[in-house]
Amino acid sequence: MGVVDSLCSLPAGDCNYTSALEQATKAQLQLAIQIMKMNADGHHQTRIDACKRKIKSFDEKKRVEKAEKKVTPKTTKSATTTVAKAKEVKKEPEKIVAFPGKKPEFKPLAKSNESHTYEECEKKILAETKGFTDEDNQFVIKGILKKCKEDADFRNNVCLKEKTYLGFMEYMIKAAAEGYCIMIGKTKGMLTKEKALDLAYDYYNMLEIIKPEEKKEVAKKLTKEVNKIAKEVKAEEKETEPVLMSLDLDEKTENEAEIEEEETGQLRLSF
């Protein structure tokens with residue numbers, strides 16, 4: 001079980017939960033909090049509070065380290081008064097940017113020879129989403145089940161052990177963090193339930209996300225194949241070219257064909 005999964009599901013008093021809390025980075029703690037907050041009826045408050053305390057300890061440690069590095073001048077009454085009366089920095093309104101990032105591309109799963117039923121999918125999905133009772137999550141859950149009724153391959157993918165609704169949530173939040181959402185300021189994002197459902201389809205159908213360097217490699221291979229086919233076609237065309245009749249040009253007349261050699265090496269008949 002991953003660190004984020006542990007933070008979202010294990011009992012707060014469990015030793016494994018404490019271990020996950022100590023190992024977690026600030027980013028993982030923030031992600032876990034977001035996931036738990038989206039599940040409003042999941043009874044996560046104790047775990048959320050624990051994650052928040054851990055984040056606060058990170059911030060406090062950073063402040064102490066910064067203070068130790070800074071050379072502190074002699075404190076005077078006037079200096080203290082100046083600091084106390086320092087003006088607060090005026091906050092600028094947060095900018096809203098619609099979908100600054102692209103939707104993640106992925107390698108699709110190979111078709112399975114299994115034949116799972118809709119009932120199996122429904123049982124698995126409902127068991128994984130007991131606490132997700134809010135309107136947006138219910139929209140996504142119903143959309144997934146509807147797809148299961150219509151698509152046999154999708155049913156097989158949903159029934160894979162490694163595919164879970166919590167896994168989809170992590171995938172969606174990661175996509176949003178990379179810009180596939182309506183960005184509000186620099187740290188907040190919003191995704192419509194329709195876009196979330198579309199990402200759910202991708203999550204259950206994908207083998208893995210295509211990395212930028214892999215895209216370049218695919219483009220190189222494709223270019224190589226295209227060039228190979230072009231050469232083969234050109235070779236076939238040369239083999240099927242008509243044989244030109246040999247003409248005796250020692251005695252030219254106005255009615256005879258004139259043969260000229262072009263720069264390309266091909267022969268051109270002029271009549």
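Residues numbered from 1 in each chain as written. Predicted model: local features only at pLDDT ≥ 70, side-chain atom pairs only at ≥ 80, totals over all residues. Heavy atoms only, no water.

## Remarks on the nonpolar core
For the record, the criterion: Here, nonpolar core means buried Ala, Val, Leu, Ile, Met, Phe, Trp, Tyr and Cys residues that are tied together by side-chain atoms lying within 4.5 Å of each other. Burial status follows relative accessibility: with a 1.4 Å probe on protein chains alone, a residue under 20% of its type maximum counts as buried, one over 50% as exposed, and anything between as partly exposed. Pairs of residues are marked as contacts when any of their non-hydrogen atoms sit within 4.5 Å.
Core analysis: the biggest nonpolar cluster contains 26 residues, and Val140, Ile144, Val158, Tyr165, Phe168 and Tyr204 have the highest contact counts within it. Contact partners of phenylalanine 168, with chain neighbours within four places excluded, come to Val140, Ala196, Leu199, Ala200 and Tyr203. Ranked by size, the runner-up nonpolar core spans 18 residues in total, among them Cys8, Tyr17, Ile35 and Ile48.

## Thoughts on the confidence of the model for the protein chain
As a general rule, the predicted coordinates of low-pLDDT regions are not to be interpreted in detail. What counts, and what does not: You can read pLDDT as the predictor saying how much it trusts each residue, on a scale of 0 to 100. Numbering of helices and strands runs from the N terminus; a helix is a DSSP stretch of H or I covering at least four residues, while a strand is a stretch of E covering at least two.
The pLDDT averaged across the protein chain works out to 76; a share of 68% of its residues lies at or above 70. At the level of individual helices and strands, the protein chain shows its lowest average pLDDT in strand E7 (residues 267–270), which scores 39, and its highest in helix H6 (residues 118–128), which scores 96. Low confidence marks residues 243–253, where pLDDT is under 50. Its contacts with residues over four positions away, or in another chain, come to 6 contacts. Across residues 264–271 the pLDDT falls below 50, and counting only partners more than four positions away or on other chains, this stretch makes 18 contacts in the model.

## Considerations on the packing of aromatic side chains
Aromatic ring pairs: the centre-centre distance and the angle between the two ring planes describe each pair. Spelled out, the test is: Aromatic pairs are defined between Phe, Tyr and Trp rings, using the six-membered ring for Trp, whenever the two ring centres lie within 6.5 Å; interplanar angles under 30 degrees are classed as stacked, those over 60 as edge-to-face, and all others as tilted. In this scheme, the term charge over a ring applies when either NZ of a lysine or CZ of an arginine sits within 6 Å of the ring centre and within 35 degrees of the ring normal.
Evaluated as defined, the whole model comprises 7 aromatic pairs. Consider the rings of phenylalanine 132 and tyrosine 165, whose centres lie 5.2 Å apart with planes at 65 degrees: the pair is edge-to-face. Linking phenylalanine 132 in the loop between H6 and helix H7 (135–150) with tyrosine 165 in helix H9 (residues 165–177), this pair joins segments that are 33 residues apart in sequence. Taken individually, phenylalanine 132 and tyrosine 165 each receive the classification buried, so the pair is uniform in this respect. Of the aromatic side chains, those joined through ring pairs into one cluster are Phe132, Phe154, Tyr165, Phe168, Tyr171, Tyr201, Tyr203 and Tyr204. Over the ring of phenylalanine 58 we find lysine 54, and its NZ or CZ is 5.3 Å from the ring centre. One cation-aromatic arrangement involves lysine 193 over phenylalanine 139; the distance from NZ or CZ to the ring centre is 5.1 Å.

## As for the side chain of asparagine 137
So the rule is basically this: In protein, a polar contact requires one atom able to donate a hydrogen and another able to accept it; more generally it is a pair of N or O atoms within 3.5 Å, and residues adjacent in sequence count only if both atoms are side-chain atoms.
Positionally, asparagine 137 belongs in helix H7. Here tyrosine 165 takes part through its side chain, which lies 2.7 Å from a polar atom of the side chain of asparagine 137. Here asparagine 137 is in contact with Met38, Phe132, Tyr165 and Met169, once residues within four sequence places are set aside.

## Notes on H6
The criterion, for reference: Along the arc lie the directions from the helix axis toward the C-beta atoms.
Residues of H6 that are buried: Tyr118, Cys121, Lys124 and Ile125. One face of H6 carries all of its buried residues, which in axial projection span an arc of 130 degrees. Structural note: H6 exposes Glu119 and Lys123 on the side pointing more than 90 degrees away from its buried face. Where H6 is buried, its residues contact H7, helix H8 (152–158) and helix H10 (193–205).

## Overview of helix H4 (residues 45–69)
Worth spelling out the cut-off: By definition here, a helix of n residues has an expected span of 1.5 Å times n minus one.
Here H4 is 25 residues long and its end C-alpha atoms lie 36 Å apart, about the 36 Å a rise of 1.5 Å per residue gives. All of the buried residues along H4 are Arg47, Ile48, Ala50, Cys51, Lys54 and Ile55.

## Section: the environment of proline 11
Position of proline 11 relative to the elements: it lies in the loop between helix H1 (3–9) and helix H2 (15–23). Measuring from C-alpha to C-alpha, the distance between proline 11 and threonine 46 comes to 8.9 Å, with 35 residues separating the pair along the chain. Beyond its immediate stretch of four places on either side in the chain, proline 11 contacts Tyr17 and Arg47.

## Describing the environment of threonine 46
Tracing the backbone through its elements, the reader meets threonine 46 in helix H4. For threonine 46, a relative accessible area of 53% corresponds to the exposed category. A C-alpha to C-alpha distance of 6.7 Å links threonine 46 and alanine 12, two positions 34 residues apart in sequence.

## Topic: the side chain of aspartate 202
Looking at the element boundaries, aspartate 202 is found in helix H10. The exposure class of aspartate 202 is buried, given its relative accessible area of 9%. When residues no more than four places from it in sequence are discounted, the contact partners of aspartate 202 are Lys103, Phe106 and Tyr171.

## Regarding the state of the cysteines
Disulfides are covalent bonds that connect the sulfur atoms of two cysteines. To keep things clear, this is the line we draw: Disulfides are defined as cysteine sulfur pairs within 2.5 Å.
As enumerated under the stated definition, the model contains 0 disulfides in all. There is no disulfide at cysteine 121, and the cysteine sulfur nearest it, in cysteine 159, is 3.7 Å away.

## A few points about the pattern of salt bridges
Condition: Here, a salt bridge means any side-chain nitrogen of Lys or Arg that lies within 4 Å of a carboxyl oxygen of Asp or Glu.
Under the definition given, this model contains 9 salt bridges. The partner of aspartate 202 in a salt bridge is lysine 103, with the nearest N and O atoms 2.9 Å apart. With aspartate 202 in helix H10 and lysine 103 in the loop between strand E1 (96–98) and strand E2 (106–108), this pair connects stretches of sequence that are 99 residues apart. Accessibility expressed as a relative area gives 30% for lysine 103, which makes it partly exposed. Among the salt bridges present, the one from lysine 193 reaches glutamate 135, with a minimum N-O distance of 3.5 Å. Taken together, the positions of lysine 193 in helix H10 and glutamate 135 in helix H7 put the pair 58 residues apart, joining distant regions of the chain. Classification of lysine 193 as partly exposed rests on a relative accessible area of 24%. Through salt bridges with shared partners, one network takes in Lys103, Asp198 and Asp202.

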